[in-house]
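Notes for the structure review
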Amino acid sequence: MEYPGNLFVVAAPSGAGKSSLVKSLLELDSHLIVSVSHTTRKPRGQEQDGREYHFVDDAVFRRMVDDGAFFEWAEVHGHLYGTSKAGVQSMVASGQDVVLEIDWQGALQIKKLFPNAVLIFILPPSYDELAQRLNRRGEDRPEVIAQRLENAHHEVAQARHFDFVIINALFEIAVFDLKTVVHSQRLKYAAQLRSKPAVFKALDLS
Ligand code: 5GP
């Protein structure tokens, strides 16, 4: 599928710092917007419906699956998550650069649909550091943390299928790395041609 906007997909194991990195990236780059996914999990803390996620129940989610409303969807840590077609399609078609903050299964599904999508995997510097971050976050019960750490090994192994890998050892450096990937993607010949066809036409380029 060809479209003028760029699609960036960011995945990571839980606790690698993905959400904080994407948040900082969005603050630095006003041309990027993040797609809001649907999920069957309950809101946590300050989360608001329509801001972090569209929170729906199982029946609504399943109906959306049957209606073909998702580009991709997956079960992650026991809940369902999906990227709805409606939002993303109109954004990239209008030339908007979009970030999907989703799990690795969803990322690989997106790459099949949008071969131009840029897949970025965030790695922690070590499993010890990942464990410390999950514990420090204090969001989850010990058994949930243990489950997430166990899942992390399989998730980390998926990094090989991604276009870029960022090791989040020092936050500021990882933000810089993420910004560099986004910027480099925009400067690729094909991306420039897709986003600025009038300039290329004026220069007799195609
Ligand atoms: P959390 O519940 O901690 O917000 O997210 C759990 C995991 O689900 C994270 O890895 C997150 O990126 C992923 N996720 C969030 N939205 C989507 C989505 O639309 N599709 C898929 N495949 N994963 C998602």
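Just above, that's the structure.
The present account deals with the structure reproduced in this document. (Residues numbered from 1 in each chain as written. Predicted model: local features only at pLDDT ≥ 70, side-chain atom pairs only at ≥ 80, totals over all residues. Heavy atoms only, no water.)

Turning our attention to the overall build of the protein chain. Secondary structure summary: the protein chain contains nine helices and nine strands in total. By the compact-globule yardstick of 17 Å for 206 residues, the protein chain fits well, its C-alpha radius of gyration being 18 Å. Each of the three principal axes of the protein chain carries a C-alpha extent, and together these read 60 × 40 × 30 Å. Out of the 206 residues belonging to the protein chain, those deemed buried represent 43%. Contacts in the protein chain between residues far apart in sequence, at least 24 positions, make up 67% of those at least 6 positions apart. Taken as a whole, the protein chain presents about 11100 Å² of accessible surface, with 55% of it coming from carbon and sulfur. (Helix = DSSP H or I, 4+ residues; strand = E, 2+ residues; numbered from the N terminus. Rg over C-alpha atoms; globule rule 2.2 N^0.38 Å. Buried < 20%, exposed > 50% of the residue type's maximum accessible area, 1.4 Å probe, protein only. Contact = heavy atoms within 4.5 Å. Areas by Shrake-Rupley, 256 points an atom, 1.4 Å probe, with all protein chains shown as cover.)

This next bit is on a nonpolar patch on the surface. Residues Y189, V199, L203 and L205 make up a contiguous nonpolar surface patch of roughly 380 Å² in combined accessible area. Checked against the element boundaries, V199 lands in helix α9 (residues 197-202). In this structure V199 comes out as partly exposed when scored by relative accessible area, which is 44%. (Patch = residues over 30% accessible without salt bridge, like charges linked within 9 Å, V, L, I, M, F, W, Y side chains within 5 Å. Salt bridge = Lys/Arg side-chain N within 4 Å of Asp/Glu carboxyl O.)

Considering soluble globular proteins, one finds that nonpolar side chains tend to be buried as a cluster. Core analysis: the largest hydrophobic core is formed by 21 residues, its most contacted members being L7, V9, L100, I110 and A117. For this core, the secondary-structure elements that each account for two or more residues are β1 (7-11), α3 (85-93), β7 (97-101), α4 (104-113) and β8 (118-123). Discounting chain neighbours no more than four positions away, the residues touching L7 are V88, V92, V98, L100, I110, F114, A117 and V118. Membership of the second largest hydrophobic core comes to 20 residues, among which are V99, I120, I122 and A174. (Core = buried A, V, L, I, M, F, W, Y, C linked by side-chain atoms within 4.5 Å.)

By the element assignment, P13 lies in the loop between β1 and α1 (18-28). By relative accessible area, which is 2% here, P13 ends up buried.

Now for the layout of surface pockets. Rolled over the atoms, a probe sized like a water molecule indicates the empty space that remains. The calculated volume of the largest pocket comes to roughly 1300 Å³. Surrounding the largest pocket, 43 residues form its lining, K18, S19, R44, Y53 and E101 being those nearest its centre. There is about 210 Å³ of room inside the second largest pocket. What lines the second largest pocket is a set of 14 residues, among which N6, D97, R186, S195 and K196 lie closest to the centre. In terms of residue class, the lining of the second largest pocket is built from three nonpolar, eight polar and three charged. (1 Å grid on protein atoms, 1.4 Å probe; cavity = no way out; pocket = protein on both sides within 12 Å on 5 of 7 lines; lining within 4 Å. Points joined across faces, edges and corners; volume = space filled by probe spheres on them. Nonpolar A, V, L, I, M, F, W, Y, C, P; charged D, E, K, R; others polar.)

The next subject is unusual backbone geometry. Where the residue is not glycine, phi is negative for most of them; where a peptide bond is considered, it is trans in most cases. For H77, which is not a glycine, the phi torsion comes out positive at approximately 50 degrees. Looking at where H77 falls in the secondary structure, it is placed in the loop between β5 (70-76) and β6 (79-84). The backbone of D204 shows a phi angle near 55 degrees, a positive value even though the residue is not glycine. Note that D204 resides in the segment after α9.

Right, let's get into the site of the ligand. Lining the immediate environment of the ligand, one finds 15 residues, of which K18, S37, R41, Y53 and Y81 sit closest. Note that an oxygen atom of the ligand is positioned 2.4 Å from one of the side-chain N or O atoms of K18. One nitrogen or oxygen atom from the side chain of R44 is found 3.0 Å from an oxygen atom belonging to the ligand. Protein contacts shield 90% of the accessible area of the ligand, which totals 510 Å² for the unbound molecule. Mapped onto the shell around the ligand, the elements with two or more residues apiece are β5 and β6. (Near = heavy atom within 4 Å. Polar contact = N/O pair within 3.5 Å; in protein donor to acceptor, adjacent residues only side chain to side chain.)

Taken in spatial order, the five strands make up an open sheet running β2-β7-β1-β8-β9, and their pairing is parallel. Looking at which strands have only one partner, the edges of the open sheet turn out to be β2 (32-34) and β9 (164-167). Each strand axis lies, on average, 25 degrees off the axis of its neighbour in the sheet, ignoring direction. Strand direction decides the pairing type here: β1 and β7, joined by four bridges, are parallel. Residue F8 lies in a different strand from β7, and its bridge partner there is V99. Running at roughly 145 degrees to β2, α1 makes contact with β1, β2, β7 and β8 of the sheet. (Pairing = 2+ DSSP bridges. Axes fitted to C-alpha atoms, helices over the stretch in contact; angles between N-to-C directions.)

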